[in-house]
Amino acid sequence: MPRAERARLAPYGAAVCAAAYGSMKLAQALGAEALADKDPLPPELRERLLARDPLFVASHWVLAGAAVVGVVVALATVRPWGAAAPRRLLLAIAWVLGIFMIGRAIGVLGFGFVGDALLLADVRPPLAGQAALARDLARWDLLLWSPFFLLWGAFWTATAAGLRVSGRGTP
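An account of the accompanying structure is given in this report. (Residues numbered from 1 in each chain as written. Predicted model: local features only at pLDDT ≥ 70, side-chain atom pairs only at ≥ 80, totals over all residues. Heavy atoms only, no water.)

A word on the pattern of salt bridges. In total, this model carries four salt bridges according to the counting rule given. Between Lys-38 and Asp-37 there is a salt bridge, with its nearest N and O atoms 3.3 Å apart. Using a relative accessible area of 16% as the deciding quantity, one classes Lys-38 as buried. For Asp-37, a relative accessible area of 28% gives the class partly exposed. Of the charged contacts in the structure, one is a salt bridge between Arg-135 and Asp-122, with a shortest N-O distance of 2.2 Å. Placement of Arg-135 in helix H6 (residues 131–166) and of Asp-122 in the loop between helix H5 (113–120) and H6 is noted, with a sequence separation of 13 residues between them. A residue is classified by how much of its surface remains accessible, and Arg-135, at 21% relative accessible area, is partly exposed. Note on Asp-122: relative accessible area 49%, which makes it partly exposed. (Salt bridge = Lys/Arg side-chain N within 4 Å of Asp/Glu carboxyl O. Buried < 20%, exposed > 50% of the residue type's maximum accessible area, 1.4 Å probe, protein only. Helix = DSSP H or I, 4+ residues; strand = E, 2+ residues; numbered from the N terminus.)

Further remarks concern the packing of aromatic side chains. For the structure on display, the rule yields six aromatic pairs. Pairing Phe-148 with Phe-149 gives two aromatic rings, centres 5.7 Å apart and planes at 80°, and the pair type is edge-to-face. With a relative accessible area of 11%, Phe-149 lands in the buried category. One aromatic cluster is present, built from ring pairs that chain together Tyr-21, Phe-148, Phe-149 and Trp-152. (Phe/Tyr/Trp six-rings, centres within 6.5 Å; stacked < 30°, edge-to-face > 60°.)

Let us now look at the layout of surface pockets. If you roll a probe as big as a water molecule over the atoms, it shows you where there is empty space left. The volume enclosed by the largest pocket comes to roughly 810 Å³. Considering the residues around the largest pocket, the lining is formed by 34 residues, among which Asp-39, Pro-40, Leu-41, Pro-42 and Phe-111 are closest to the centre. Secondary-structure elements contributing two or more residues to the lining of the largest pocket are helix H1 (3–29), helix H2 (43–50), helix H3 (54–76), helix H4 (87–106), H5 and H6. When residues in the lining of the largest pocket are grouped by element, the largest group, six residues, is from H6. For the lining of the largest pocket, the residue count by class is 24 nonpolar, five polar and five charged. (1 Å grid on protein atoms, 1.4 Å probe; cavity = no way out; pocket = protein on both sides within 12 Å on 5 of 7 lines; lining within 4 Å. Points joined across faces, edges and corners; volume = space filled by probe spheres on them. Nonpolar A, V, L, I, M, F, W, Y, C, P; charged D, E, K, R; others polar.)

This is the structure in structure tokens:
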């Protein structure tokens, strides 16, 4: 595969991940339970999420909208119409999103590969009375969410690195 084609994979990958995540959040905002019960939240927040608390419904709408913006930003790095966007802004967004998502996947925020492994190895004890649920959510996070955020973050950082090297994505 020529280098120009490889350089386009990361922005398209970031756009696909944003679209997938945004679709799930839109479905949840509209009332679907699409993986909502697998969200690794503290028990009190999880109950509010599953009860469709208005704050969580609103957050799903905001996240679905942010995902649309993510698709547009990712595509702006490789599509001709994106040349009008400020390169520094695209670069900053791509780096921030990439680093944040990789940090989330690794476990900087308390869950992720490190947090899940610590919980499943009984190094970090779960909340009293929540052991079975905490372990179940840690498994879901370890097998689904963390790898997804790691992949998505890798796409964003590769997009940013491609912008930095080329001065613009490869149109």
